[in-house]
Amino acid sequence: MKKKKMVISQETMDIDFVRKVEALSGTSVRRCFQCGKCSAGCPMATFMEHPPNRVVRLLQLGQWQRILAGRSIWYCASCETCSTRCPNKVHLASIMDALRKLSWDAEGPSKESYVQLANKLFLQNIRTYGRQYEMRLAAVFNVKSGQFLKDLMLGPKLITKGKLKMFHKKNRNMNEIEKIFARIEEMRKKGEAL
């Protein structure tokens, strides 16, 4: 497979996006001098097309589209091995969190858009019911992802074994749960949370 050449120019470099990542993560990508210790220690690096040090390098070059179009940020386990090993105190786990957040907000060309969809539906269920409602999560996920018949044969088996409930009760503490969501939204507006 032939790799596409990277062209770097004023038009291809988006430093504003890099500043957003730095603001959200609380760490500077410019401090990285590409020693590679983060990638050497990363347990997920073998699954990533852009290992941790390359993610930082692409950010340094303003090539964030390449990162968001790949799977690397979604394979990061947030184990913080990279952050611990970094001699320049670049907190790469926070950078990966910020990139996932910005990818989610941008609804960009991520190869892991199913992950984004599942996250959104999961949080919607928590906000609506105060707990997870697996039947609704699976049904809505399958419809929105275009996989209508994906779990058709599995559902009845889970229902008969009592592992999946057809109907669900709301949590009694819905007011408290709504306060949590409101507090997080307020923190996001102030830039204190992802």
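Because the structure is a prediction, the values reported are computed rather than measured.

A tally of regular secondary structure across the protein chain gives eleven helices and zero strands. Helices (α) and strands (β) of the protein chain occur, in sequence order from the N terminus, as α-α-α-α-α-α-α-α-α-α-α. Across the 194 residues in the protein chain, those meeting the buried criterion constitute 36%.

Our next topic: the confidence of the model for the protein chain. For the protein chain, per-residue confidence averages 86 on the pLDDT scale, and 89% of positions sit at 70 or higher. No element of the protein chain has a lower mean pLDDT than helix α8 (residues 113-129), which averages 84, and none a higher one than helix α2 (residues 37-41), which averages 96.

Let us now look at the pattern of salt bridges. For the structure on display, the rule yields six salt bridges. Within this structure, Arg-127, Glu-178 and Glu-185 form a network of salt bridges that share partners.

Look at helix α11 (residues 174-190): 25 Å from first C-alpha to last across 17 residues, which is about the 24 Å you get at 1.5 Å a residue. Among all positions in α11, only Met-174, Ile-177 and Phe-181 are buried. Down the axis of α11, the buried side of the element spans an arc of 70 degrees, and every buried residue falls inside it. For α11, the exposed residues set more than 90 degrees away from the buried face come down to Asn-175, Lys-179, Arg-183 and Lys-190.

So, about unusual backbone geometry. The residue Glu-80 is not glycine, and still its phi comes out positive at about 70 degrees. Inspection of the secondary structure assignment puts Glu-80 in the loop between α5 (72-75) and α6 (81-85). The phi angle at Lys-89 is positive, at roughly 60 degrees, despite the residue not being glycine. Note on placement: Lys-89 falls in the loop between α6 and α7 (92-106).

Right, let's get into empty space enclosed by the protein. Within the structure shown, the criterion is met by two cavities of 30 Å³ or more. Considering only enclosed or pocket space, the largest cavity measures out at about 100 Å³ in volume. For the largest cavity, the lining is made up of 14 residues, of which Cys-32, Cys-35, Cys-38, Cys-86 and Val-90 are closest to its centre. Listing elements by their share of the lining of the largest cavity, those giving two or more residues are α2 and α3 (52-60). Here the residues of the lining of the largest cavity sort into ten nonpolar, three polar and one charged. One number sums up the size of the second largest cavity: a volume of about 80 Å³.

Grouped burial of nonpolar side chains is what soluble globular proteins tend to show. Membership of the largest hydrophobic core comes to 28 residues, with the highest contact counts inside it found for Phe-17, Val-21, Leu-59, Ile-95 and Leu-99. Among the elements of the structure, α1 (15-25), α3, α4 (64-68), α5 and α7 are those that each provide at least two residues to this core. The dominant element in this core, judged by the number of residues it contributes, is α7, at six residues. Beyond its immediate stretch of four places on either side in the chain, Ile-95 contacts Val-21, Ser-25, Thr-27, Val-29, Leu-59 and Val-90.

Cut-offs applied
Residues numbered from 1 in each chain as written. Predicted model: local features only at pLDDT ≥ 70, side-chain atom pairs only at ≥ 80, totals over all residues. Heavy atoms only, no water. Helix = DSSP H or I, 4+ residues; strand = E, 2+ residues; numbered from the N terminus. Buried < 20%, exposed > 50% of the residue type's maximum accessible area, 1.4 Å probe, protein only. pLDDT = per-residue confidence, 0-100. Salt bridge = Lys/Arg side-chain N within 4 Å of Asp/Glu carboxyl O. Expected span 1.5 Å × (residues − 1). Arc of directions from axis to C-beta. 1 Å grid on protein atoms, 1.4 Å probe; cavity = no way out; pocket = protein on both sides within 12 Å on 5 of 7 lines; lining within 4 Å. Points joined across faces, edges and corners; volume = space filled by probe spheres on them. Nonpolar A, V, L, I, M, F, W, Y, C, P; charged D, E, K, R; others polar. Core = buried A, V, L, I, M, F, W, Y, C linked by side-chain atoms within 4.5 Å. Contact = heavy atoms within 4.5 Å.

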